[in-house]
Structure formats: structure tokens, C-alpha cells
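# A structural walkthrough
The primary structure of each chain is shown beneath.
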Amino acid sequence: MAKKISILIVDDEESVRDSLYNWFIEDGYRVETAENAQKALHLLESDRFDIILADIKMPGMDGLEMLRRIKSIKPDSIIIVMTAFATVDTAVKALKDGAFDYVTKPFDPDDLTHLIRNATKQISLENENETLKKKVITLENIEDLIGESDAMKKLLREVESVAQTNSSVIITGESGTGKELVARAIHANSPRRFFPFVSVHCGALTESLLESELFGHEKGAFTGAMYNRKGRFEMADSGSIFLDEIATISAKMQVELLRVLESKTFIRVGGNKEISSDFRVICATNKDLKSMVEQGTFREDLYYRLNVVNIQIPPLRDRIADIPLLVDYFIKKYCMSMNKPPASIDPTALKRLQEFNYPGNIRELENMIERAIVIGDGKRISLKDLPLEKSIVNSSTESLDDFERAFILQILHKYNWNISRTAKALKVDRVTLYNKIKKYDLKPSDL
Amino acid sequence: MSLPTITLLSFGFPQQDFLEEIAKAVQSELGFSVNLREGRIDLGEYYDPSRNQYNGNTLLKLVDSLHVTESFKTLGIFNVDLFIPILTFIFGQAFLNGNCGIASFYRLNNERYGMPRNDLLLMERAKKEVIHELGHTLGLLHCSNPICVMRSSTYLEDVDQKKIHLCHNCRGKLVE
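Residues numbered from 1 in each chain as written. Chains lettered and ligands numbered in written order. Predicted model: local features only at pLDDT ≥ 70, side-chain atom pairs only at ≥ 80, totals over all residues.

### Side note on the overall build of chain B
The secondary structure content of chain B amounts to 5 helices and 9 strands. Taken from N to C terminus, the helices and strands of chain B fall in the order β-α-β-β-β-α-β-β-β-β-β-α-α-α. Sorting the 176 residues of chain B into buried and exposed places 40% on the buried side. Contacts in chain B between residues far apart in sequence, at least 24 positions, make up 63% of those at least 6 positions apart. (Helix = DSSP H or I, 4+ residues; strand = E, 2+ residues; numbered from the N terminus. Buried ≥ 20, exposed ≤ 12 C-beta atoms within 10 Å, placed from the backbone. Contact = placed C-beta atoms within 7 Å.)

Shown next as C-alpha cells:
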């Protein structure tokens, strides 16, 4: 059953309160009344009203002051102001202060009905808008973060809970695990989602370039600085800034960054005006920052400032259960982008994909699928379309012997079982290689 | 056991046959016996010269004070222009789930709008208004069904749009 629309009537005249009360009650609304602004504000502390119908002229705090106070606390409140003494000035003032509408007492019953109907329509549009936003956000979250494994579910739960806070986050994980995707998901779920998500790849920039990139520069700050330029911190105002490969920044930049994070203010390169910006920091690294702190290559104070929340992304080899879903997702993605009909994958090829080690994680898997779609027949991806090099070095390869067997077999396949070339590649002599083949009972038919 | 009685209390509405027709319609639609009475009160003190209208709130209180316990519900019938302080006019009003209500036929008359007199139409409108206000005293709220008699009517055209009957939904609530 739909929730009843609630109306608060604020008027010092009892007859007005009673009349409106009876009118709205008969229309099925939930109605409360207050004889002055103080009582109305008191009621609003403990109850929520969809529509507030308030007289302007009241003893004590008047309706316009009450309107301003309510709007400062609950900006989305729908407030309709009523007055017996209509002037254009007060009407304009009320509307400027955020009133939804303005009516002169007494009003026509039909006008009252329309007024409330319009307000109700506004409420339902706002609710609908909110629902749609939530739907969009949900879609953004799952767009590229694919997986139903326990590790992935845990990760999504962490993203969901950390998104609602304003804390700094460090995302750690091997290369190619999707650290930026996780950062984007945190931003997309956060209250900052309607503001920019600004990404900076710290590792790709020299110290001076990074400084200019982060803080911006004034015209003439250095050779080639022909115009003023906003920095990434400034661009991320009200939004989030993602600092990828944070472990690569220089000692000087670490000091600068710490200062900015503490004060949320900075000065453009070559400038002298302090600029403030309200941003949330999300960092990522594939390095062990804690060890870097112990070794003295990363500032401890900066580490603690950034590492309020740590999200660890598991490598793909630890969530092989997600591989079929990821493969399916990438097949659809690339078939669509290449205007090809959706392809399928051979079960043997899929099995091999699940056995692979993926040092490059999801990025590697994605590249493999993209390549297979480009070079394959476009209908079915088979083993020959995948650049797996018959590797079976995977998570099930636990002992040193297993590893050695798999590795020798991989190189033998690579050189088409040419013993001399394989031995040369392995930097062993032919006899040693023969002994190993005998020891592990290796055959060209082995995969 | 006799049916509960609804009293229609007429103030300055002399056409007895007209009122009897309304009483029959109420009895048929709501299933209560209807008793017609005449209210002998000077309405002058309920007149507001600044608005040139009669105060619906005080008239409702008047009818409430005239309600007798033998009667299940009492509805005051007037032929004057009613207002309440916040609205320019009303056709009628009632205490939700209360003992009484009021209805005026003043604004139901075609002649007030410069149209030719139509007694049959006036009768239809009057029946709808009386049943509507009594519906409120019986606990019914405004209904969204466009032809239900409990549909809110702020204009004469709205009154003409709806029928004299309760919709299935409202009747169900009444039975409950």
C-alpha cells in the first residue's frame, strides 16, 4: 500500500487550521497542525512531512523565517506559503527563499486541490528520480566488476560500506586486477557521485609534471605554461581523486601530498593564491606500502593518512570460479564493439582458461579474449585462438617438481619439442633435458 | 429492531416535495431511514458581511448542537452561500466519522451561473451533495473513482461528472 502523503499546517488562526485539517483529512492525507512556527519546528524534529502549508503572518517567528530555517535543514522540503495580505514583494521573497508556491487567503477550493496535487506530483517525481538514480548506480557498480565468487562478494561488500564514508582508501592488488574499477565503483556509490572522478597515474609522470598536474599552474610558471591551468585536486572539488601507483611518487611529492591532504588547500605552481578543494582521496598500488615505510622509502605519516581503509583485490588465480562469467562478459563486450554476432567458447578452451595462472590478472584475460575474437572464426573460440602457450603453471601447481615439470613442458611446446633449442632456452645441456623428460615422463601429447 | 435514522434538518428550504425526493435517494443509497425536520433559526448571526456569505464552520457547530441522540446522523440543508475562512466557498462539509454535516444548494443552482433554470439537474446535484457529506459522517474519505459520489467536487462540473452512487470500493468500506 502506498504511503500516505503527510501535510503540516502552520497557522495561528484556529479556524484556518481546522478548516484545512478537515479538508485534507477527507482527502485521505495524514495531517498535523501547529499554531506557531516554534511548534512546527519542534514537530519537524521528530516527524517528517511531505508538504508544509504555512501562514506568513504569525506572532513570534513569521512564516518566511520559518521557511528559511526549514530549508537550511531540509532543503528538499515542499513549503507552500499562505497570506491574507498579498504583495508582490513578499511573494517574490518567499519563492526566492525556496517556497514551492504562494497562495492568497482565502483561496478557491479548486486552487487548493491543484496546489496539493502539484506538490504531490513533485514528491512522486523526486521519489522516482531517486529510484532511477539508485538503479543507475547499481548498474555502474556491476558494469565491470564481474564475479560471484566469495572473494568478489566480499570485495563488493567492502566497496558498498566504504563508499558511504568520506575516508581515504588505499586499494591494493596485483597489476591488472581492476584497482581503478574498484575506485570508480566506490565513487559511483558515494554521496559524491554527481561530482567529478579525477584519475591521476602518478607512475607515468615525472616529479615536476606530477606537481603541475596535481596542483595546476599559473601562466608563465615554467617554459611552455602559456595559460593558467587547473590542477587535478581543483578539478576533483566535491568529487573524488584517484591516485594510481601512489608508491612511485618522490619524497618531495610525498611531503606536498601530505600537506594538501591535511589542509585541503594548495597553491598552483607559480602562483601565490591559496586554493581550497573538497575532495576524497582514493589511492592504488601494487606495492607493499607497509614494507616501503619500514625501508624508509615511503613516509609513515602519509601512509597512515592514506591508509584509513584498505581494500585488497584478490588476484584472478584466487577466484577462478569467476572466470566463466568474465569470459562471457568480455566475449559480449568485444563482439558488440566489433559488430560481430555473439560468439561462444569451446568447453576445452574454457577449461584451459580456468587452469591458467594469469600473472597479468583480468587485464590479461580480457586481452586474450579480445585477441581471440579478432583472429578467430567469429563463431566459437577454441584453444588455438588463445595465446596460452600450453601453460599449466596455475594455482594447482604447488610443489617444485610440479612447477619444473610444467615449465619444461611449456618451453618444449614453445620450441615444438626441438631438444637443442629447448635446452638452450632453459640454459641446460641436452643430457640434463633428456633426463628431465624421462623423470617427468613428458610426451608431446601432454598439455 | 428499526433501522437507524438519519435526520435531514432543513433551514429555509420551503419545497417539501424536493426534500422528500432527496430523503428517498438517501434511504435508497445508504440504507438508513430518513427523517425530515425543519430548523427554525435566524441565520443572520452566521452571516459575514465582509464576505457576503455564511460561515460554514459556525453553521456546522450549530447543526452539531441540534443533533439529537435518537438520530444516527444529522445533516443541515441550507440555501445560502457557504464559506470557511480559508476557502472562497464550499458546497458543504462534515465531521469525518462524526454526527453531523452541512450542505448548501445555493451554488448548485444553474441560475447562479447565468444558465437557464433546471430543476431536475438541481435535484440530481442536491442528492449527490447530501449523500457525499453523509458519506463523510459515515467515515468515507474522498474517492479517486471519477464516478463515485464520494469523489471530491470543487466545481459544479465536478458534481455533474460523478454519479449519485457509491462505488464498489466505498460501499465495501461502508459495509465494514
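Alright, that's what it looks like, and here's the rest.
### Quick look at the interface of chain A and chain B
Counting residues at the interface gives 19 residues for chain A and 15 residues for chain B. Secondary-structure elements contributing two or more residues to the side of chain A that touches chain B are α1 (14-26) and α5 (109-143) of chain A. It is α1(A) that provides the largest number of residues to the side of chain A that touches chain B, a total of 8 residues.

### Here we look at the sheet that holds strand β4 (residues 78-83) of chain A
All names here are of chain A. What the 5 strands build is an open sheet, ordered β2-β1-β3-β4-β5; its pairing is parallel. Taken across any chain shown, the strands that pair with only one partner, and hence form the sheet edges, are β2 (30-34) and β5 (101-104). Neighbour-to-neighbour, the strand axes of this sheet turn through a mean angle of 20°, independent of strand direction. One ladder, built from 4 bridges, connects strand β1 (residues 6-10) with strand β3 (residues 51-55); its direction is parallel. Paired with Ile7 across the two strands is Ile51, which belongs to β3. (Pairing = 2+ DSSP bridges. Axes fitted to C-alpha atoms, helices over the stretch in contact; angles between N-to-C directions.)

### Structural notes on the pairing of strand β13 (residues 280-285) of chain A
By the criterion of burial, β13(A) is predominantly enclosed, with 6 of the 6 residues buried. Side chains Arg280(A), Ile282(A) and Ala284(A) project from β13(A) onto one buried face, and the interleaved Val281(A), Cys283(A) and Thr285(A) project onto a second face that is buried too.

### So, helix α3 (residues 119-137) of chain B
Taking 1.5 Å per residue, 19 residues should reach 27 Å; α3(B) reaches 27 Å between its end C-alpha atoms and fits that length. With its phi angle positive at about 95°, Gly139(B) sits one or two positions after the end of α3(B). (Expected span 1.5 Å × (residues − 1).)

### Let's talk about the sheet that holds strand β7 (residues 87-90) of chain B
What holds strands together in a sheet is hydrogen bonding between their backbones, with the strands either parallel or antiparallel. All names here are of chain B. As summarised here, the arrangement of the 4 strands in space is β3-β4-β6-β7, forming an open sheet in which the pairing is mixed. The open sheet terminates on both sides in strands that have one partner only, identified here as β3 (47-48) and β7. With 2 bridges joining them, strand β6 (residues 82-84) and β7 adopt antiparallel strand pairing. Across the sheet, residue Leu82 finds its bridge partner in β7, namely Ile90.

### A word on the packing of helix α16 (residues 400-414) of chain A against helix α17 (residues 419-426) of chain A
All names here are of chain A. Interhelical geometry of α16 versus α17 gives an angle of 130° and a closest axis separation of 9 Å. As summarised for this structure, α16 and α17 are arranged oblique, according to the angle between their axes. Considering how the two elements wind past one another, α16 and α17 form a crossing that is right-handed. Of the residues in α17, those touching α16 at Ile408, Ile411 and Leu412 are Thr422, Ala425 and Leu426. In terms of residue class, the contact of α16 with α17 is built from 5 nonpolar, 1 polar and no charged. (Parallel < 35°, antiparallel > 145°, perpendicular 65-115°, else oblique. Left-handed = near helix turned anticlockwise from the far one by under 90°. Nonpolar A, V, L, I, M, F, W, Y, C, P; charged D, E, K, R; others polar.)

### Re the environment of Asp158(B)
Residue and element names in this part refer to chain B. For Asp158, the location among the structural elements is in helix α4 (residues 156-161). Judged by the 17 C-beta atoms lying within 10 Å of it, Asp158 falls in the partly exposed class. It is 9.6 Å that separates the C-alpha atoms of Asp158 and Ile147, two residues lying 11 residues apart in sequence.

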